[in-house]
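A look at the structure
Listed below are the residues making up each chain.
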Amino acid sequence: MILPPPSAPFNRIKAFGNITIDGLSGDTLVLQTGHPDLLSKYNEYTLDAGHILPAAGTYSLTYDYDPNTGILNLQRNWFAIYDSTSSKVDFYLQTYRPKKLQFTVNSSGKITQVVLNSRNGVIYHGQLIYSNLTRDTNSDLIPDVLDANVAGSLPNFIKSYTSIDGTPGVELVLLSSGNEILTSNGLTTFVRN
């Protein structure tokens, strides 16, 4: 389905099960993780030089805690797609934790299609207009539009909406220093401050 621009603040997608959204043209997919090393190709740290979409093809994220592909690492129950040369950000807010997320990149490096699953919940499509999608006033490699510490950002706009089955996110040890911890099994635990 091709979605029309939503009315303020967002519109419900009236479909259930696997939902295919066509007609997209974004060069950035954003999944809010709160850490630059989790889902590093897709997280909010989109100004990092290594943050580029994979080559043309179809990619599926996994329903686990894998640091590169696991959507259980999401900190919030939304994702966004935008073209960094544009001023519009399309976001998709889900009432349940996302269980499926698949996207297609064309030969021009643009995301043209997304497939997701509603899990019998509701998915909303919203759009935010932001004058400069690459502005980073606090130099933390997170564009202001995606920075939870910036008033008027997308995370602040939708922060009061949580999923029915709890806020997604990894299990973490919180330290005020913001460091990472190496566990006894050799895995890294990422710490959010």
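Residues numbered from 1 in each chain as written. Predicted model: local features only at pLDDT ≥ 70, side-chain atom pairs only at ≥ 80, totals over all residues. Heavy atoms only, no water.

1. Focus: the sheet that holds strand β8 (residues 111-117)
A sheet is described by the order of its strands in space; here 4 strands give the open sequence β2-β8-β7-β4, paired in antiparallel fashion. With partners counted over all chains shown, the strands left at the sheet margins are β2 (18-26) and β4 (57-61), one partner each. In this sheet, adjacent strand axes meet at a mean angle of 20° when their direction is disregarded. Here 6 bridges tie β2 to β8, and the two strands are oriented antiparallel to one another. Among the inter-strand pairings, Ile-19 is bridged to a residue of β8, identified as Leu-116. (Pairing = 2+ DSSP bridges. Helix = DSSP H or I, 4+ residues; strand = E, 2+ residues; numbered from the N terminus. Axes fitted to C-alpha atoms, helices over the stretch in contact; angles between N-to-C directions.)

2. Re the nonpolar core
Core analysis: the biggest nonpolar cluster contains 23 residues, and Leu-31, Phe-79, Phe-103, Ile-111 and Val-114 have the highest contact counts within it. Listed by contribution, the elements that provide at least two residues to this core are β2, β3 (28-31), β5 (78-82), β7 (101-105) and β8. Filtering out sequence-adjacent residues up to four positions away, Phe-79 remains in contact with Leu-29, Val-30, Leu-31, Asp-90, Phe-91, Tyr-92, Gln-94, Leu-101, Val-114 and Leu-116. Of all hydrophobic cores here, the second largest spans 18 residues; its members include Val-30, Val-89, Leu-128 and Ile-158. (Core = buried A, V, L, I, M, F, W, Y, C linked by side-chain atoms within 4.5 Å. Buried < 20%, exposed > 50% of the residue type's maximum accessible area, 1.4 Å probe, protein only. Contact = heavy atoms within 4.5 Å.)

3. Concerning the sheet that holds β3
Read from one edge to the other, the open sheet built from 5 strands follows the order β1-β9-β6-β5-β3, with strand pairing classed as antiparallel. At either margin of the open sheet sits one strand with a lone partner, and together these are β1 (10-13) and β3. Direction aside, neighbouring strands of the sheet carry axes that sit 20° apart on average.

4. Here's the deal with the packing of aromatic side chains
With the rule as written, the count across this model stands at 6 aromatic pairs. Look at Phe-10 and Tyr-124: their rings are 5.3 Å apart centre to centre, the planes differ by 50°, and that puts the pair in the tilted class. You can see Phe-10 sitting in strand β1 and its partner Tyr-124 sitting in strand β9 (residues 123-129), a full 114 residues away along the chain. Among the residues examined, Tyr-124 registers a relative accessible area of 25% and is labelled partly exposed. Ring centres of Phe-79 and Tyr-92 lie 5.0 Å apart, and the angle between their planes is 25°; this geometry places the pair in the stacked category. Highlighted residues: Phe-79 in strand β5 and Tyr-92 in strand β6 (residues 88-94), separated in sequence by 13 residues. The residues Phe-79 and Tyr-92 share a single accessibility class, namely buried. Feature note: the residues Phe-10, Phe-91, Tyr-124 and Phe-157 constitute an aromatic cluster, connected by ring pairs. For the cation-ring pair, Lys-99 lies above Tyr-63, with the distance from its terminal atom to the ring centre recorded as 5.2 Å. (Phe/Tyr/Trp six-rings, centres within 6.5 Å; stacked < 30°, edge-to-face > 60°. Lys NZ or Arg CZ within 6 Å of the ring centre and 35° of its normal.)

5. Regarding unusual backbone geometry
Despite not being glycine, Leu-39 shows a phi value in the positive range, around 50°. On the accessibility criterion, Leu-39 (0% relative accessible area) is buried. A positive phi angle, near 70°, is found at Leu-141, a position not held by glycine. Judged by its relative accessible area of 41%, Leu-141 is partly exposed.

6. Digging into the confidence of the model for the protein
Within the protein, residue pLDDT values average 82, and 83% of them lie at 70 or more. Segment residues 168-174 is flagged for pLDDT under 50; beyond a separation of four residues in sequence, or across chains, it makes 24 contacts in the model. (pLDDT = per-residue confidence, 0-100.)

7. Brief notes about the side chain of Asn-77
On the secondary structure map, Asn-77 appears in the loop between β4 and β5. A polar contact of 2.3 Å, which involves the side chain of Asn-77, links it to the backbone oxygen of Gln-94. (Polar contact = N/O pair within 3.5 Å; in protein donor to acceptor, adjacent residues only side chain to side chain.)

8. Digging into the pattern of salt bridges
This structure, assessed with the given rule, holds 2 salt bridges. Across the salt bridge formed by Asp-83 and Lys-110, the nearest N and O atoms sit 2.9 Å from each other. Here the residue Asp-83 occupies a position in the loop between β5 and β6, and Lys-110 occupies one in the loop between β7 and β8, the gap between them amounting to 27 residues. In this structure, Asp-144 engages Arg-135 in a salt bridge whose closest nitrogen and oxygen atoms are separated by 3.6 Å. Residue Asp-144 is classed as buried on the basis of its relative accessible area, which comes to 2%. (Salt bridge = Lys/Arg side-chain N within 4 Å of Asp/Glu carboxyl O.)

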